[in-house]
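# A structural walkthrough
Residues per chain, in single letters:
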Amino acid sequence: MTYTIALNFEDGVSRFIQCNANEKVLDAAYRQQINLPMDCSDGVCGTCKCQCESGRFDLGDDYLEDALSDSEREQNMVLTCQMVPESDCIITVPMASSLCKTAQQCFQTSITNINALSPTTLELTLECAETEIHFLSGQYVNLSTAQGDITRPYSFSNLPGSSTLTFLIKNVPNGAMSGYLTQQAKPGDTMTITGPQGSFYLREVTRPLLLLAGGTGLAPMLSILYSLQQRASSMPIHLLYGVSKDCDRVKSDVLTELTQQLPNFTFQLCVSDPTTSEPLTGHITDHLRPEHLHGGDVDIYLCGPPTMVESVIATLKEQQIAPTNFYYEKFTPQITAEQV
Ligand SMILES: Cc1cc2nc3c(=O)[nH]c(=O)nc-3n(C[C@H](O)[C@H](O)[C@H](O)COP(=O)(O)OP(=O)(O)OC[C@H]3O[C@@H](n4cnc5c(N)ncnc54)[C@H](O)[C@@H]3O)c2cc1C
Ligand code: FES
């Protein structure tokens, strides 16, 4: 039995290691060339103290109170030199990846498909021949052309742990990556991915979820929904998905299928164009309903263009909605040389 342990470093780098049964996290990391902070490796000094964000583990009691106090233990602080995982875990390491002699990983992939799902959205499928790619649902990678002349961040839309990777990419008029993918790229071409990265990812699910997606902000939500499906989650989950025009909607079939596989999952589409025949028009901020907010006992995940994210943040503030947890990702465009 092995467990996948995500190590999230202070500088946004995520690395994934495999931990064998009865193996301590510090030893597993070292075996995989990651030198986590340590000194005594014996539960005495506290140098290896990290935060465990999710997962089950055994810490034993062979460590000193000076190294880890009871109140720290209650707050899910751990000593990696003592911690033996009993499930997959996410651990926050309070140190930059370079100080742990590790860094962002780079993978060579090849394009298997570029599919225009709508006039404004492309689905890019890549295959990584070397290995399966681990990430936390919601995270992104930097995607570069073979020549390395264009690099842009994109969020995974697939389930973690596969060698087949998918992305939903907005086809931006005159966009560098959009232009490359629509006019130049073809199956078999190489692309490099660097990552995974980002603090927008699915946390432990202990209360209802409200997912708010604008445009291709649906990508990380799909990955999150696939993970929830894999965990057979029965928590209420509602997705509010906003697009500009009817023709911009994508993946309706997948979302409908997910409502059958995830017992408490519902979704609504909201179209800004007032001529739409969809029941919900306007912006998603017009449709934040009490039944999806659970009196604040809800975790909100929000992703999309910066204007949409900012307007949701402002609306939550105005309406004094204070969710228990609130995570968001803005798809901020890169400032190009011409714009500087
Ligand atoms: C963390 C992160 C994750 C991201 N994940 C995704 C993702 O999963 N899917 C996705 O589609 N995008 C995502 N983005 C945005 C993406 O990285 C690019 O910015 C976007 O795809 C445009 O790239 P481009 O090279 O085609 O256009 P660029 O050459 O970068 O831009 C060309 C022009 O269009 C403008 N522009 C750029 N984006 C938009 C836009 N959305 N609407 C209107 N004008 C725009 C630019 O300001 C510029 O003037 C993400 C961004 C971040 C920061
Ligand atoms: S390295 Fe000293 S307590 Fe873990």
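The residue numbering used here restarts from 1 in each chain and proceeds along that chain's sequence as written. Each chain is given a letter, starting from A, and each ligand a number, starting from 1, according to the order in which they appear as written. Residue-level local features of this predicted model are given only where pLDDT is at least 70; pairs of side-chain atoms are given and counted only at 80 or more, and the full residue set underlies all totals for whole chains, interfaces and linings. Side-chain metrics in this entry use all non-hydrogen atoms of the structure; hydrogen atoms and water are not considered.

## Some words on the overall build of the chain
Looking only at helices and strands, one finds 7 helices and 19 strands in the chain. Note that the radius of gyration is over C-alpha atoms, with the globule rule given as 2.2 Å times the number of residues to the power 0.38. Taking 2.2 N^0.38 as the reference for a compact globule, 340 residues should give roughly 20 Å; the C-alpha atoms of the chain span a radius of gyration of 21 Å, in line with that estimate. In terms of overall dimensions, the chain has C-alpha extents of about 65 × 50 × 40 Å along its principal axes. Pairs at least 24 apart in sequence give 70% of the contacts found in the chain among residues at least 6 apart. Only carbon and sulfur atoms are counted for the fraction: they give 48% of the accessible area of the chain, which is about 15,900 Å². Here the chain carries 19 positive and 38 negative side-chain charges, and the mean point of each set is 4 Å from the other. Labels follow the DSSP assignment, with helices taken as runs of H or I lasting at least four residues and strands as runs of E lasting at least two, numbered in each case from the N terminus. The contact criterion used throughout is that any non-hydrogen atoms of two residues lie within 4.5 Å. For every accessible area listed, the method is Shrake-Rupley and the probe measures 1.4 Å; residues are considered covered only by the protein chains on display. Residues scored as charged are limited to Lys and Arg (positive) and Asp and Glu (negative), so that His and the chain ends carry no count. Charge coordinates come from a single atom per side chain, which is NZ of Lys, CZ of Arg, CG of Asp or CD of Glu.

## So, the nonpolar core
The biggest cluster of nonpolar side chains holds 29 residues, and the ones touching the most others in it are Leu 7 and Leu 36. Counting only elements with at least two residues in this core, the list comes to strand E1 (2-9), strand E2 (14-20), helix H1 (25-31), strand E3 (49-54), strand E5 (77-79) and strand E7 (89-93). Definition used in this section: a nonpolar core is a set of buried Ala, Val, Leu, Ile, Met, Phe, Trp, Tyr and Cys residues joined via side-chain atoms within 4.5 Å. Relative accessibility thresholds used throughout: buried, under 20% of the residue-type maximum; exposed, over 50%; partly exposed, between the two (1.4 Å probe, protein chains only). Grouped together as the second largest cluster of nonpolar side chains are 28 residues, Ala 213, Leu 218, Val 243 and Cys 303 included.

## As for the state of the cysteines
Any pair of cysteine sulfurs within 2.5 Å is marked as a disulfide. Within this structure, the stated rule accounts for 0 disulfides. The thiol of Cys 89 is not disulfide-bonded; the next cysteine sulfur, from Cys 52, is found 4.5 Å away. This cysteine, Cys 303, is not joined by any disulfide, and Cys 270 carries the nearest cysteine sulfur, 16 Å off.

## Topic: helix H7 (residues 306-318)
An α-helical segment advances 3.6 residues per turn. Residues three or four places apart therefore align on the same side. A helix's residues, less one, multiplied by 1.5 Å, set its expected span. In this model H7 runs 18 Å from its N-terminal to its C-terminal C-alpha over 13 residues, within 8% of the 18 Å that 1.5 Å per residue would give. Looking at the buried side of H7, the elements it contacts are strand E14 (209-214), strand E18 (299-304) and strand E19 (325-330). Gln 320 occupies a position one or two residues after H7 and carries a positive phi of about 50°.

## Overview of the pattern of salt bridges
For salt bridges, the criterion is a side-chain nitrogen of Lys or Arg within 4 Å of an Asp or Glu carboxyl oxygen. Using the criterion set out here, one finds 9 salt bridges in the structure. Where Glu 23 meets Arg 31, a salt bridge forms, and the shortest distance between an N and an O atom there is 2.8 Å. Of the residues examined, Arg 31 reaches a relative accessible area of 41% and is grouped as partly exposed. Salt-bridge contacts for Arg 207 lead to Asp 299; the nearest nitrogen and oxygen are separated by 3.2 Å. Remark: Asp 299 occurs in strand E18 and Arg 207 occurs in the loop between strand E13 (190-197) and E14; sequence separation between them is 92 residues. For Asp 299, a relative accessible area of 1% gives the class buried. Here the residues in one salt-bridge network are Arg 207, Asp 297 and Asp 299, joined through shared partners.

## Some remarks on the domain arrangement of the chain
Many structure descriptions define interface size as the accessible area lost when the parts assemble. With domains assigned, the chain is organised as domain 1 (2-100), domain 2 (105-197) and domain 3 (209-330). Residue ranges assigned to each domain were obtained from an automatic or database domain assignment. Summarising the inter-unit geometry, the C-alpha centres of domain 1 and domain 2 are found 32 Å apart. Contacts between domain 1 and domain 2 engage 10 residues on the former and 7 residues on the latter. Here the quantity called buried area is the total loss of accessible area, with a 1.4 Å probe, experienced by two parts when brought into contact, counted for both. Both sides of the domain 1 and domain 2 interface together cover about 610 Å² of buried area, and 60% of this is carbon and sulfur. Area buried by domain 1 at its contact with domain 2 is led by Ser 14, Arg 15 and Phe 16, which between them contribute 62% of it. Nitrogen and oxygen atoms within 3.5 Å of one another constitute a polar contact, given that in protein one can donate a hydrogen and the other can accept it, and given that sequence-neighbouring residues count only through two side-chain atoms. Linking domain 1 to domain 2 there are 2 residue pairs in polar contact (both at pLDDT 80 or more). Listing elements by their share of the side of domain 1 that touches domain 2, those giving two or more residues are E1 and E2.

## Observations regarding the side chain of Arg 203
Along the chain, Arg 203 falls in the loop between E13 and E14. Of the residues examined, Arg 203 reaches a relative accessible area of 15% and is grouped as buried. One polar contact links the side chain of Arg 203 to the main-chain carbonyl oxygen of Ser 199, over a distance of 3.1 Å. The residues contacting Arg 203, other than those within four sequence positions of it, are Glu 53, Arg 231, Tyr 301 and Tyr 327.

## Notes on the UniProt feature "domain: FAD-binding FR-type" (unreviewed entry) in the chain
UniProt positions are given in the numbering used here, feature names are shortened, and annotations may be inferred rather than shown by experiment. As annotated in UniProt, the feature "domain: FAD-binding FR-type" (unreviewed entry) corresponds to residues 104-203 in the numbering used here. Counted over residues 104-203, helix gives 9% and strand 47%. Its end C-alpha atoms are 22 Å apart.

## Overview of the pairing of E18
Most of E18 sits inside the fold, with 6 of its 6 residues counted as buried. Neither face of E18 is exposed, since Asp 299, Tyr 301 and Cys 303 on one face and Ile 300, Leu 302 and Gly 304 on the opposite face are all buried. Alignment of E14 against E18, held across 5 bridges, turns out to be parallel. Directly across from Leu 212, in E18, lies its bridge partner Leu 302. With the strands pointing away from the viewer, any crossover whose connection runs clockwise from the first strand over the helix to the second is right-handed. Regarding the hand of the β-α-β motif, the stretch spanning E18, H7 and E19 is right-handed. Being paired, for any two strands, means DSSP has found at least two bridges between them.

## Section: a negative patch on the surface
Candidate patch residues must exceed 30% relative accessible area and have no salt bridge, after which like charges are joined if within 9 Å and Val, Leu, Ile, Met, Phe, Trp or Tyr side chains if within 5 Å. Among the surface-exposed residues, Asp 42, Asp 58, Asp 61, Asp 62 and Glu 86 lie close enough to one another that they form a single negatively charged patch. You can see Asp 58 is positioned in strand E4 (residues 57-58). With relative accessibility at 38%, the residue Asp 58 sits in the partly exposed group.

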